[in-house]
Amino acid sequence: MGLVVGTFSVQSKPVNFHKDNADDDFEMTVVCHRPEGLDKLEAQTNFNKRELQVLYRGFKNECPSGAVNEDTFKQIYSQFFPHGDASTYAHYLFNAFDTGHTGSIKFEDFVTALSILLRGSVTEKLQWTFNLYDINRDGYINKEEMMDIVRAIYDMMGKFTYPVLKTDAPKQHVDAFFQKMDKNRDGVVTLDEFILSCQEDENIMRSLQLFENVI
Amino acid sequence: MAAGVAAWLPFARAAAIGWMPVANLPMPVAPTEKNKKQDELIVLNVSGRRFQTWKNTLDRYPDTLLGSSEKEFFYNEETKEYFFDRDPDVFRSVLNFYRTGKLHYPRYECILSYDEELAFFGIVPEIIGDCCYEEYKDRKRENAERLMDDQEDNKDSKLPNMTFRETMWRAFENPQTSTMALVFYYVTGFFIAVSVMTNVVETVPCGSVPNQKEVPCGERYTVAFFCMDTACVMIFTVEYLMRLYAAPNRYRFMRSVMSIIDVVAILPYYIGLVMTDNEDVSGAFVTLRVFRVFRIFKFSRHSQGLRILGYTLKSCASELGFLLFSLTMAIIIFATVMFYAEKGSSSSKFTSIPASFWYTIVTMTTLGYGDMVPKTIAGKIFGSICSLSGVLVIALPVPVIVSNFSRIYHQNQRADKRRAQKKARLARIRLTKTESSSAFLHSKRNGLFNESSTKEEQHLGKSSSLLESQHHHLLHCLEKTTVRDLKIVIHVLAIVVQAPSLFFFFAVVVLQINTIRLCSSPFILTRVCNKLSHLDIRMTQG
């Protein structure tokens with residue numbers, strides 16, 4: 001009889017009987033997060049009430065629970081770059097946004113970062129960018145970190161580019177970057193070197209002002 | 001584009017600052033938003049129910065009605081809202097699509113009305129979300145089948161100028177179309193029954209000749225049975241040849257199941273004719289007679305239930321295959337076990353594994369003939385396990401086959417019911433059509449009488465709506481253009497059923513109309529004369 005049943009299971013298609021992930025259940029029970037009051041946020045950031053309203057509406061639409069976890073973040077960001085793989089760069093972005101390292105971005109984090117990026121001073125923007133590049137948060141950008149970042153950016157382009165991406169193109173890019181930024185040639189870029197080098201470069205200065213009127 | 005996450009575009013653009021220091025080339029200029037307005041609320045009034053949404057929400061999908069400038073056509077200046085004279089319930093799904101980026105299909109909604117609304121608002125149904133897509137597709141398929149069924153019924157209607165061949169084919173396929181077809185249908189059915197009965201009775205032992213064992217009737221009345229067989233085969237051959245001639249696609253017909261059955265049914269007879277002289281192959285000839293039983297399958301043309309059964313078995317092929325496979329495995333396993341278990345006992349019937357197959361099959365199907373029984377204890381234990389598992393193995397796929405059969409059978413019932421109701425439905429439609437056309441002629445008569453009267457009286461006589469009078473005026477213009485008259489149309493069946501007196505009344509009315517027009521047109525004169533002599537009433541087709 002058991003043999004018969006055994007033979008049945010061979011014949012049928014493989015069925016996965018796995019329990020639901022405990023993680024999923026846990027996340028379902030996480031309480032909705034509500035942001036601080038509108039006035040408080042207005043005071044903390046450089047946005048006015050209306051802009052905050054627009055931002056919150058979009059934020060809440062996508063994340064009804066009030067907090068974005070990394071997967072959702074990656075998903076949202078990937079929708080803007082359908083031809084390539086934006087998940088690596090989204091991961092670095094997530095870490096840059098999630099200043100408290102809580103694993104989820106709440107609306108306050110979101111708005112604070114946006115405030116810096118869109119309404120902040122040049123120094124603040126460069127500081128934020130330095131933070132993004134400095135993956136391990138040790139205060140220095142070394143070549144490996146830069147390679148990861150540049151490769152993540154190239155990944156977003158996808159495979160089908162013109163001209164075709166060569167395997168050493170990221171390396172060349174990183175070398176050029178270090179050539180420009182690393183003043184004292186010690187193999188790492190510090191915050192001051194970074195800010196100084198960027199301020200010298202006309203293109204970078206101009207491009208930082210590009211997204212002023214996004215909201 | 002990621003329209004659902006359009007609200008996050010500012011964030012994505014802001015995050016692009018991260019690329020700036022890495023970039024070597026200057027960035028392109030950002031697009032500027034000309035006359036950047038504040039985001040405003042739009043009011044959408046759909047048949048009285050007001051929906052409000054942000055303008056940006058609607059702008060997410062610019063290739064739809066609400067997202068493009070097409071909605072300006074529906075703008076109401078006084079109330080400052082967009083008015084749509086459509087179903088507000090379906091509009092809910094449409095608007096939710098803009099809000100969430102996912103289109104859902106509500107289950108209670110009729111598929112056709114939903115499709116219409118989507119087409120109106122310029123939304124392609126293919127973007128329905130995965131959650132509702134299956135349901136949508138199922139309903140669409142059902143609807144398509146229904147339409148196809150209706151179309152098939154229309155095919156039965158007689159087309160004018162059908163060749164003899166086409167008429168014959170139609171008669172063969174659908175016996176209801178003409179009496180000849182019906183007669184043919186019953187005659188063939190009768191002969192199939194006769195042939196099958198003959199084959200059966202042939203083998204019955206009848207009448208014993210003394211000093212000899214009982215002979216079957218076939219050998220006693222050889223000539224009679226031979227004549228009967230010949231007659232049946234003649235009929236079947238003629239039928240097959242006629243079908244072959246009438247078939248629109250001969251190769252496809254020859255490959256179809258029914259024609260193969262026909263051929264197999266009549267072939268043994270002809271082969272027998274050829275081979276009777278040769279004694280050696282007469283044994284084979286006897287075997288061929290077995291194929292005569294296939295004549296019974298010819299009944300499937302006559303019985304829809306048989307066809308449904310055959311179709312069910314075909315559609316359950318995978319379940320049947322599974323049943324067969326698992327049975328075979330179980331048989332082999334248990335036969336082996338039983339053989340080795342009974343090997344020890346003397347005078348055991350389980351002489352080999354294939355010999356044990358018979359025992360296993362009989363036990364698993366709970367037949368239990370008792371011609372082979374295990375004698376050892378181990379054999380008995382395994383034998384009981386075998387019979388218990390047999391019940392399960394057979395019981396498992398059977399419900400699937402049964403449910404399949406039930407579904408197909410009910411589908412067929414529904415199709416038949418629809419066909420029966422269709423006649424009544426068409427009759428009702430015809431009646432309303434005749435009413436509308438007779439309304440026109442009625443008003444024309446009134447108008448005729450009032451041609452000379454004053455405008456006031458004409459207005460009093462006008463009890464019909466503006467739409468109706470405009471429609472009648474249009475028909476009147478057509479009449480004048482073609483210098484013809486629209487005839488009054490009567491559905492004779494309806495009238496005759498209701499009141500025979502009406503029949504004559506209408507005839508009189510027709511005459512009246514035409515006599516009045518007599519003065520105004522010589523064309524009509526000749527027609528009235530014809531009418532007086534023939535008094536024919538035209539019938540409408542549905």
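Everything numeric in this text was worked out from a predicted model, so none of it was measured. (Residues numbered from 1 in each chain as written. Chains lettered and ligands numbered in written order. Predicted model: local features only at pLDDT ≥ 70, side-chain atom pairs only at ≥ 80, totals over all residues. Heavy atoms only, no water.)

### Structural notes on the packing of aromatic side chains
In this structure the tally under the stated criterion is 48 aromatic pairs over all chains. Judged by centre distance (6.5 Å) and plane angle (25°), the ring pair of Tyr56(A) and Phe59(A) falls under stacked. Placement of the pair is Tyr56(A) and Phe59(A) together in helix H4 (residues 49-62), with a separation of three residues, close to one helical turn. With relative accessibility at 23%, the residue Tyr56(A) sits in the partly exposed group. Residue classification places Phe59(A) among the buried residues on the basis of a relative accessible area of 1%. Between the NZ or CZ atom of Arg86(B) and the centre of the ring of Phe120(B), over which it lies, the distance is 4.0 Å. Sitting over the face of the ring of Phe236(B), Lys298(B) holds its NZ or CZ atom 4.6 Å from the ring centroid. (Phe/Tyr/Trp six-rings, centres within 6.5 Å; stacked < 30°, edge-to-face > 60°. Helix = DSSP H or I, 4+ residues; strand = E, 2+ residues; numbered from the N terminus. Buried < 20%, exposed > 50% of the residue type's maximum accessible area, 1.4 Å probe, protein only. Lys NZ or Arg CZ within 6 Å of the ring centre and 35° of its normal.)

### Points about the interface of chain A and chain B
Every contact between the two is made by 50 residues of chain A and, on the other side, 45 residues of chain B. Carbon and sulfur atoms make up 73% of the surface buried where chain A meets chain B, a total of about 4100 Å² over both sides. Linking chain A with chain B are zero salt bridges. The tally of links between chain A and chain B comes to two residue pairs in polar contact (both at pLDDT 80 or more). (Contact = heavy atoms within 4.5 Å. Buried area = accessible area lost by both parts, 1.4 Å probe. Salt bridge = Lys/Arg side-chain N within 4 Å of Asp/Glu carboxyl O. Polar contact = N/O pair within 3.5 Å; in protein donor to acceptor, adjacent residues only side chain to side chain.)

### So, the confidence of the model for chain B
Residue and element names in this part refer to chain B. When the pLDDT values of chain B are averaged, the result is 79; 80% of them are 70 or greater. This stretch, residues 532-542, has a pLDDT under 50; its non-local contacts, to residues over four places away or in other chains, come to 15 contacts. What the predictor reports for the complex is a pTM of 0.56 with an ipTM of 0.76. (pLDDT = per-residue confidence, 0-100.)

### Quick word on helix H4 (residues 111-120) of chain B
Residue and element names in this part refer to chain B. If you check which residues of H4 are buried, you get Ile111, Tyr114, Asp115, Glu117 and Leu118. Viewed along the axis of H4, the buried residues span an arc of 160°, placing them on a single side of the element. Facing away from the buried side of H4, by more than 90 degrees, are the exposed residues Glu116 and Ala119. Trailing H4 by a residue or two, Gly122 shows a phi angle of about 70°, which is positive. (Arc of directions from axis to C-beta.)

### Some remarks on the pairing of strand E4 (residues 81-84) of chain B
All names here are of chain B. Of the strand pairs in this sheet, strand E1 (residues 41-46) and E4 are connected by three bridges, and their pairing is parallel. Pairing of Leu44 across the sheet is with Tyr82, part of E4. As defined by bridge partners, strand E3 (residues 75-76) adjoins E4 across two bridges and the pair is classed as antiparallel. Looking at E4, one finds that Tyr75 is bridged to Tyr82. (Pairing = 2+ DSSP bridges.)

### Digging into the nonpolar core
Grouped together as the largest cluster of nonpolar side chains are 64 residues, with contacts concentrated most on Tyr77(A), Phe110(A) and Met146(A). Lining this core are residues from two domains, each supplying at least three of them: domain 1 (47-119) and domain 2 (121-214) of chain A. Here Met146(A) is in contact with Tyr133(A), Ile141(A), Val174(A), Phe177(A), Phe178(A) and Val22(B), once residues within four sequence places are set aside. (Core = buried A, V, L, I, M, F, W, Y, C linked by side-chain atoms within 4.5 Å. Domains from an automatic or database assignment.)

### Description of helix H11 (residues 191-200) of chain A
Within H11(A) the residues assigned to the buried category are Glu193(A), Phe194(A), Ile195(A), Ser197(A) and Cys198(A). Buried residues belonging to H11(A) abut helix H8 (122-133), helix H10 (169-181), strand E4 (188-189) and helix H12 (202-208) of chain A.

### Points about the pattern of salt bridges
Think of it this way: side chains of opposite charge can pair up when their charged atoms draw near. The full count for this structure, using the stated rule, is 25 salt bridges over all chains. The closest approach of N and O atoms between Asp175(A) and Lys143(A), which form a salt bridge, is 3.4 Å. Taken together, the positions of Asp175(A) in helix H10 and Lys143(A) in helix H9 (residues 143-157) put the pair 32 residues apart, joining distant regions of the chain. For the salt bridge of Asp89(B) with Arg49(B), the shortest nitrogen-to-oxygen distance reads 2.9 Å.

### Comments concerning the UniProt feature "domain: EF-hand" (unreviewed entry) in chain A
Residues and elements named next belong to chain A. On the UniProt side, "domain: EF-hand" (unreviewed entry) is annotated at positions that read residues 85-120, 121-156 and 169-204 here. End C-alpha to end C-alpha, residues 85-120 measures 29 Å, and it is 67% helix and 8% strand. In the segment residues 169-204, helix accounts for 72% and strand for 6%; the C-alpha atoms at its two ends are 21 Å apart. (UniProt positions renumbered as here; feature names shortened; annotations may be inferred.)

### Structural notes on unusual backbone geometry
Working note: non-glycine residues mostly have negative phi, and peptide bonds are mostly trans. Residues and elements named next belong to chain B. Within the chain, Ser47 stands out as a residue other than glycine whose phi angle is a positive 50°. Inspection of the secondary structure puts Ser47 in the loop between E1 and strand E2 (49-54). We note that Thr366 has phi near 55°; this positive angle belongs to a residue other than glycine. Position of Thr366 relative to the elements: it lies in the loop between helix H15 (353-364) and helix H16 (377-395).

### A look at the environment of Gly187(A)
Residues and elements named next belong to chain A. In this fold, Gly187 is placed in the loop between H10 and E4. Expressed as a C-alpha distance, the spacing of Gly187 and Asn142, which sit 45 residues apart in the sequence, is 6.5 Å. Every residue in contact with Gly187, bar those within four places of it in the chain, is listed here: Ile141, Asn142, Lys143, Phe178 and Asp182.

### Let's talk about the packing of helix H9 (residues 222-246) of chain B against helix H11 (residues 257-275) of chain B
Residue and element names in this part refer to chain B. For the pair H9 and H11, the least separation of the axes is 10 Å and the interaxial angle reads 135°. Regarding the angle of H9 to H11, the classification is oblique. For the pair H9 and H11, the sense of crossing is left-handed. Across from Phe226, Asp229, Thr230, Val233, Met234, Phe236, Thr237 and Tyr240 in H9, the residues of H11 making contact are Ser259, Asp262, Val263, Ile266, Tyr269, Tyr270 and Leu273. Class assignment of the residues belonging to the contact of H9 with H11 gives a composition of ten nonpolar, three polar and two charged. (Axes fitted to C-alpha atoms, helices over the stretch in contact; angles between N-to-C directions. Parallel < 35°, antiparallel > 145°, perpendicular 65-115°, else oblique. Left-handed = near helix turned anticlockwise from the far one by under 90°. Nonpolar A, V, L, I, M, F, W, Y, C, P; charged D, E, K, R; others polar.)

### Some remarks on the pairing of E2(B)
Residues and elements named next belong to chain B. Two strands pair when backbone bridges link them, and E1 and E2 are joined in this way by six bridges, in the antiparallel orientation. Across the sheet, residue Leu41 finds its bridge partner in E2, namely Trp54. Connecting E1 to the antiparallel partner E2 that follows it, the hairpin turn spans two residues, and Ser47 within it adopts a positive phi of roughly 50°.

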